[in-house]
Amino acid sequence: QFSTDVAGKLKDTLAYESDEAKMKRQNDEAMNCFKKEIDRLQNELLLERQQQEQQVRNFEEERQTWQEEKDQVIKYQKQLQLNYVEMYQKNQVLEHKVNELTAKLTPPHVEEKKQWSSSRLERIESTEI
């Protein structure tokens with residue numbers, strides 16, 4: 001009977017150890033799954049951060065390009081406006097000279113034509129619009 005008791009106790013101990021080993025193995029498997037999931041999520045987070053940083057860089061580059069193009073257009077428009085004003089002033093001087101020369105060459109009895117002053121031109125433009 002002693003051997004049966006020892007055998008029974010040994011069997012219970014082995015069963016207990018077997019249950020403990022099963023639990024440990026299951027815990028280890030669960031921990032490995034959790035670690036893998038954590039690693040996967042960390043990698044996914046890292047990828048999202050890198051993509052976000054790249055998007056920020058791309059946006060900043062696009063904004064910088066847009067600003068440079070805008071500045072260039074404004075500079076070009078200012079130059080065009082300056083050229084227009086200079087041309088208008090030169091044209092006014094030339095028209096004045098032509099009128100003076102015409103007045104010298106035209107006999108006094110010929111009816112004078114209406115001169116195209118800038119104010120007369122502006123009145124005509126405003127009525128046409």
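A short note on the overall build of the protein chain
Move 1: Of regular secondary structure, the protein chain possesses two helices and zero strands.
Move 2: Expressed as a percentage of its 129 residues, the buried residues of the protein chain come to 0%.
Move 3: For the protein chain, the exposed surface amounts to about 12800 Å²; the carbon and sulfur share of it is 57%.

Quick look at the pattern of salt bridges
Move 1: On inspection of all chains with the given rule, the structure shows four salt bridges.
Move 2: Linking Asp-28 and Lys-24 is a salt bridge whose minimum nitrogen-to-oxygen distance equals 3.3 Å. In this pair, Asp-28 and Lys-24 are both assigned in helix H1 (residues 2-105), four residues apart and thus about one turn of the helix distant.
Move 3: Under the relative-accessibility criterion, Lys-24 is labelled exposed at 53%.
Move 4: When the shortest N-O distance is used, the salt bridge between Glu-60 and Arg-63 registers 2.7 Å. Taken as a pair, Glu-60 and Arg-63 lie in helix H1 at a separation of three residues, close to a single helical turn.
Move 5: For Arg-63, a relative accessible area of 39% corresponds to the partly exposed category.
Move 6: By sharing partners, the salt bridges in this structure join Glu-37, Arg-40 and Glu-44 into a single network.

Comments concerning a nonpolar patch on the surface
Move 1: A cluster of nonpolar residues, Tyr-84, Val-85, Met-87 and Tyr-88, forms a patch on the protein surface that exposes about 390 Å² of accessible area.
Move 2: Residue placement: Val-85 occurs in helix H1.

Comments concerning a negative patch on the surface
Move 1: A surface patch of like charges, here negative, comprises Glu-61, Glu-62, Glu-68, Glu-69 and Asp-71.
Move 2: Tracing the backbone through its elements, the reader meets Glu-61 in helix H1.
Move 3: Judged by relative accessible area, Glu-61 falls into the exposed class, the value being 52%.

Quick notes on the rules
Residues numbered from 1 in each chain as written. Predicted model: local features only at pLDDT ≥ 70, side-chain atom pairs only at ≥ 80, totals over all residues. Heavy atoms only, no water. Helix = DSSP H or I, 4+ residues; strand = E, 2+ residues; numbered from the N terminus. Buried < 20%, exposed > 50% of the residue type's maximum accessible area, 1.4 Å probe, protein only. Areas by Shrake-Rupley, 256 points an atom, 1.4 Å probe, with all protein chains shown as cover. Salt bridge = Lys/Arg side-chain N within 4 Å of Asp/Glu carboxyl O. Patch = residues over 30% accessible without salt bridge, like charges linked within 9 Å, V, L, I, M, F, W, Y side chains within 5 Å. Lys, Arg positive; Asp, Glu negative; His and termini not counted. Charge placed at Lys NZ, Arg CZ, Asp CG, Glu CD.

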